[in-house]
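So you can see what is in the structure, the chains are spelled out below.
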Amino acid sequence: MAGSDLDRARGAAVDAFLETARQVAAPSRDVPRLIFALDATMSRQPTWDLACGVQAGMFEATARLGGLSVQLVYFRGFSECRASRFVADARALTGLMRAVTCQGGQTQIGRVLRHARNEAGRGPVKALVLVGDAIEEDIDDLCGVAGELGLLGLPAFCFHEGPDPTVAAGFSEIARLSGGSAARFDLTAPEVLAALLRAAAIYATRGLDGLRLAAHEDAAARRLLAGMTGG
């Protein structure tokens, strides 16, 4: 594909995402808000597809508790990082995600963390969920912003795919400084990511008490609770 054609194709994809986002009705401000951030660089396509398939569990886990409002944030390509409006319907979030294709590029976790910090300044955000498999930025800079999230009471739940110990350590430190929790998942066991998303949603809706209650019967909730409390 020629350069101009590629630029037009990318522009059309962005336009489709923004148009879908505009058509989604905004939820009530009283519904707890969660930011769902994903790495959409080229290596992430299988995980993006997985997340698209299991994200409905976040809404299902909180439906009886009053619901959840989720904002999709993604980064990809050359310095592209976008955020949708908050939505309170699994089908709406699926529609937003299907408008995005993964593209090569470097991680932009710092932009995600700063975006979450800024959103929290505009109104309460109960949790940030970050899904990825790499950290290509200065970890000390990321930890500085993660500490700011901790001061704001906005925990980051960092779910990393793959066995890289450096990535695991970085995600764990971001989670720790923010007051959140980190966990690893694998594409061969999609139910693990689904369970982690449900547990994060329960925390966003009912806080530590709700997570403790869920931990009696749910292994993912126990993992997140242990990371948050040091237990």
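Bear in mind the structure is a predicted one, so any value in this text is a computation, not a measurement.

Now for the packing of aromatic side chains. Applying the stated criterion to the full structure yields two aromatic pairs. Taking the centre distance of 6.1 Å and the plane angle of 85 degrees together, the rings of W48 and Y74 count as edge-to-face. One end of the pair, W48, is in helix α2 (residues 45–54); the other, Y74, is in strand β2 (residues 69–76), with 26 residues separating them in the sequence. Note on accessibility: W48 and Y74 belong to one class, buried. Look at F157 and Y203: their rings are 5.5 Å apart centre to centre, the planes differ by 65 degrees, and that puts the pair in the edge-to-face class. Placement of F157 in strand β5 (residues 156–161) and of Y203 in helix α8 (residues 190–215) is noted, with a sequence separation of 46 residues between them.

Moving on: the state of the cysteines. This model, assessed by the stated rule, comprises zero disulfides. With no disulfide partner, C143 has as its closest neighbouring cysteine sulfur the one in C158, 9.8 Å distant. Judged by relative accessible area, which is 13%, C143 ranks as buried.

Right, let's talk about helix α4 (residues 90–98) for a bit. Buried residues of α4: A90, A92, L93, T94, L96 and M97, and no others. Between a side-chain oxygen at the N-terminus of α4 and the backbone nitrogen of R91 the separation is 2.8 Å; the capping residue is D89.

Bringing the pattern of salt bridges into the picture now. Enumeration according to the criterion identifies 11 salt bridges in this entry. When the shortest N-O distance is used, the salt bridge between R76 and E80 registers 3.0 Å. A residue is classified by how much of its surface remains accessible, and R76, at 1% relative accessible area, is buried. Between E148 and R117 there is a salt bridge; the shortest N-O distance is 3.2 Å. Residue E148 is found in helix α6 (residues 139–151), and its partner R117 is found in helix α5 (residues 109–122); the two are separated by 31 residues along the sequence. E148 sits in the partly exposed class, given a relative accessible area of 32%. Relative accessible area serves as the criterion here: at 23%, R117 is assigned to the partly exposed category. Salt bridges sharing partners connect three or more residues here, namely R33, E119 and R122.

Parameters and conventions
- Residues numbered from 1 in each chain as written.
- Predicted model: local features only at pLDDT ≥ 70, side-chain atom pairs only at ≥ 80, totals over all residues.
- Heavy atoms only, no water.
- Phe/Tyr/Trp six-rings, centres within 6.5 Å; stacked < 30°, edge-to-face > 60°.
- Helix = DSSP H or I, 4+ residues; strand = E, 2+ residues; numbered from the N terminus.
- Buried < 20%, exposed > 50% of the residue type's maximum accessible area, 1.4 Å probe, protein only.
- Disulfide = S-S within 2.5 Å.
- Polar contact = N/O pair within 3.5 Å; in protein donor to acceptor, adjacent residues only side chain to side chain.
- Salt bridge = Lys/Arg side-chain N within 4 Å of Asp/Glu carboxyl O.

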